[in-house]
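Observations on the three-dimensional arrangement
Each chain is listed here by its residues.
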Amino acid sequence: MQKKKFDFHVHSDFSSDSETPLENMVTAAIEAGITDLAITDHVDYDYDLTADITSWEIDEAVYDEAILNFKDRYQKAIKLYKGIEFGVQPHLAERMSAFIDRNQFDFVIASQHTVDRIDLYNGAYFNQYTALESIRHYYEMYDKCAKMTDAYSVLGHLDLYLRYRKDLKSVSVLQFMDIIDSIFDHVIYQGKGIEINAGGHKYKLGDNNPSIDILKRYREKGGEIITLGSDAHTPNYLGLMHDENIAMLDGLGFKYICTFEKMKPIFHSLKEFK
Ligand SMILES: [Zn+2]
Ligand SMILES: [Zn+2]
């Protein structure tokens, strides 16, 4: 039997920041030995737009049809899951819940890309605060978003800000653990999870998002639901750090890695990957 290999965070040209056709992502994933693939294109409402990107929304019917079509066409080679990466902001609770309700997703990543309605990507967010304040406020807002709705499966790239402000890596995350604990208490109690997003390696952080300190804390709190994703926008990053991250989780004392089907976690013992 083929060895299991998961990628639960992948973009295609349904996302405004990817040019890879969905079918190319699927066939490349098959070539890369991936057995379970969740397509998680972006939906970000009420977002800072630019001349290049004029919308972060998708045509829901076309997206649905494309994924179901490829799921069927390639079913002998790969298990395909219909996912979404939804950009969370506190004022979007109702729109998010309605969006998730009317679409039949297997898997939803709730990702905070924006704080105070400012895109983290361009750095302007950090100009209004000291370094410590900006990080604390970032986690406080994520905490709010994690609690505003239960219409998600996992929280995405928990320490995303590090991608755009590498210098903040020198600020120990331990001083924000009170808020991170509050997030984890909620997530664990609600049967939600977090993802390990290998995209941090693509950004040369030398770690995933979130970093190992945060993963250790999740383990201490009893967190068990974790998905693995590359955040690939192009085929070359599919399955990024998969085997290394399985070994890392094993070393930290985790027992399982999860896939999601119809919003329900499926637990796979780490022993199955040895
Ligand atoms: Zn993201
Ligand atoms: Zn993403």
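Above this text you will find the structure in question.
Read on for a plain summary of the structure. (Residues numbered from 1 in each chain as written. Chains lettered and ligands numbered in written order. Predicted model: local features only at pLDDT ≥ 70, side-chain atom pairs only at ≥ 80, totals over all residues. Heavy atoms only, no water.)

1. Here we look at the nonpolar core
- Counting residues in each nonpolar core, the largest one holds 85 residues, and the members touching the most others are L37, I84, Y138, Y139, L155, L238 and I257.
- Discounting chain neighbours no more than four positions away, the residues touching L155 are I109, A110, Y142, A146, I183, V187, G193, I194 and E195. (Core = buried A, V, L, I, M, F, W, Y, C linked by side-chain atoms within 4.5 Å. Buried < 20%, exposed > 50% of the residue type's maximum accessible area, 1.4 Å probe, protein only. Contact = heavy atoms within 4.5 Å.)

2. What about the coordination of the zinc ion (ligand 1)?
- The protein atoms donating to the zinc ion (ligand 1) are E85 (OE), H113 (NE2) and H157 (NE2), with metal-donor distances spanning 2.1 to 2.2 Å.
- Taken in chain order, the donor set of the zinc ion (ligand 1) reads E-x27-H-x43-H.
- Between the zinc ion (ligand 1) and the zinc ion (ligand 2) the interatomic distance amounts to 3.5 Å, and E85 serves as a bridging ligand to the pair. Of this pair, E85 sits in strand 3 (residues 79-87) while H157 sits in the loop between strand 7 (154-155) and helix 5 (161-164), and the two are 72 residues apart along the sequence. (Donors = N, O, S within 2.8 Å, 3.2 Å for Na, K, Ca; no water. Helix = DSSP H or I, 4+ residues; strand = E, 2+ residues; numbered from the N terminus.)

3. Brief notes about the pairing of strand 2 (residues 36-43)
- Counted residue by residue, strand 2 has 8 buried out of 8 residues, so it is predominantly covered.
- Across 3 bridges, the pairing between strand 1 (residues 6-10) and strand 2 is parallel. Opposite F6, over in strand 2, you have D36 as the bridge partner.
- Here strand 2 pairs with strand 3 via 8 bridges, running parallel. If you follow L37 over to strand 3, its bridge partner there is L80. (Pairing = 2+ DSSP bridges.)

4. Some details on the packing of aromatic side chains
- With the rule as written, the count across this model stands at 23 aromatic pairs.
- Taking 5.3 Å as the distance between ring centres and 35 degrees as the angle between the ring planes, the aromatic pair formed by F107 and F260 counts as tilted. In this pair, F107 is assigned in strand 4 (residues 107-111) and F260 in strand 10 (residues 256-261), connecting sequence segments 153 residues apart.
- With relative accessibility at 0%, the residue F107 sits in the buried group.
- Ring pairs connect the aromatic residues Y138, Y139, Y142, Y161 and F176, which therefore count as one cluster.
- Above the ring of Y237, the side-chain terminus of K202 is found at 5.0 Å from the ring centroid.
- Here R219 stacks its cationic end above the ring of F254, 5.5 Å away from the centre of that ring. (Phe/Tyr/Trp six-rings, centres within 6.5 Å; stacked < 30°, edge-to-face > 60°. Lys NZ or Arg CZ within 6 Å of the ring centre and 35° of its normal.)

5. Regarding the environment of N197
- In this fold, N197 is placed in strand 8 (residues 193-197).
- Judged by relative accessible area, which is 0%, N197 ranks as buried.
- Setting aside anything within four residues of it in sequence, one finds N197 in contact with H9, H157, R163, N208, N209, G229, S230 and D231.
- A distance of 3.1 Å separates a polar atom in the side chain of N197 from a polar atom in the side chain of D231. (Polar contact = N/O pair within 3.5 Å; in protein donor to acceptor, adjacent residues only side chain to side chain.)

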